[in-house]
Amino acid sequence: MKTAIEINQIQIYDYLKTRGINPAKRYGGYSMYHSPFREERTPSFKVSEIKNLWIDFGTGDGGTLIDLAIRMNPGFNVSSAMAE
């Protein structure tokens, strides 16, 4: 099993892409998405490709890939997010 450090090195945009979530806008070093947590017209979910971190400006939540997997899958804990 991979460590949390190894899992958090997986690109967040790749994780989102495998779930059918694509950026609404791309910029140098980051992309903006419509939040996967709610309906919205203006993209407010930022993924930094350089830092490999995300932030949802609508809620103030953010973090690593493991944090995102937990947020996107209610009932997940760190172990189950790492196993996904």
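Structure shown above.
A few points on the structure. Treat the numbers as computed from the prediction; the structure is a model and nothing was measured.

### What to know about the pairing of strand S3 (residues 45-48)
- Here strand S2 (residues 30-33) pairs with S3 via four bridges, running antiparallel. Of the residues in S3, the one forming a bridge with Ser31 is Val47.
- Relative to strand S4 (residues 53-56), S3 is paired through four bridges, and the arrangement is antiparallel. The residue bridging Lys46 from the neighbouring strand is Ile55, located in S4.
- Taken together, S3 and the strand that follows it, S4, pair antiparallel across an intervening segment of four residues, in which Asn52 is found at a positive phi of about 55°.

### Let's talk about the nonpolar core
- In terms of nonpolar packing, the biggest core is built from 15 residues, with Ile12, Leu16, Phe45, Val47 and Leu68 touching the most fellow members.
- Broken down by secondary-structure element, the contributors of at least two residues to this core are helix H2 (12-18), S3, helix H3 (65-72) and helix H4 (78-83).
- Looking at which element gives the most residues to this core, the answer is H3, with four residues.
- The contact partners of Leu16, leaving out residues within four places of it in the chain, are Ile21, Tyr33, Phe45, Val47, Leu68 and Met72.

### Observations concerning the environment of Tyr27
- When you line up the elements, Tyr27 lands in strand S1 (residues 25-27).
- Overall, the relative accessible area of 39% leaves Tyr27 in the partly exposed class.
- Put simply, Tyr27 and Ser48 are 21 residues apart on the chain and 9.7 Å apart in space, counted from C-alpha to C-alpha.

### What to know about the pairing of S2
- In this structure, S1 lies alongside S2, joined through three bridges in antiparallel fashion. Looking at S2, one finds that Lys25 is bridged to Met32.
- Between S1 and the antiparallel strand that follows it, S2, lie two residues; Gly29 among them carries a positive phi value of about 95°.

### Overview of the sheet that holds S2
- With antiparallel pairing, the five strands of this open sheet are ordered in space as S1-S2-S3-S4-S5. With one partner strand each, in any of the chains shown, S1 and strand S5 (62-63) form the two edges of the open sheet.

### Considering the environment of Gly75
- Here Gly75 is to be found in the loop between H3 and H4.
- In this structure Gly75 comes out as exposed when scored by relative accessible area, which is 78%.
- The spacing of Gly75 and Met32 is 43 residues in sequence and 26 Å in space, taken between C-alpha atoms.

Cut-offs used in this document
Residues numbered from 1 in each chain as written. Predicted model: local features only at pLDDT ≥ 70, side-chain atom pairs only at ≥ 80, totals over all residues. Heavy atoms only, no water. Pairing = 2+ DSSP bridges. Helix = DSSP H or I, 4+ residues; strand = E, 2+ residues; numbered from the N terminus. Core = buried A, V, L, I, M, F, W, Y, C linked by side-chain atoms within 4.5 Å. Buried < 20%, exposed > 50% of the residue type's maximum accessible area, 1.4 Å probe, protein only. Contact = heavy atoms within 4.5 Å.

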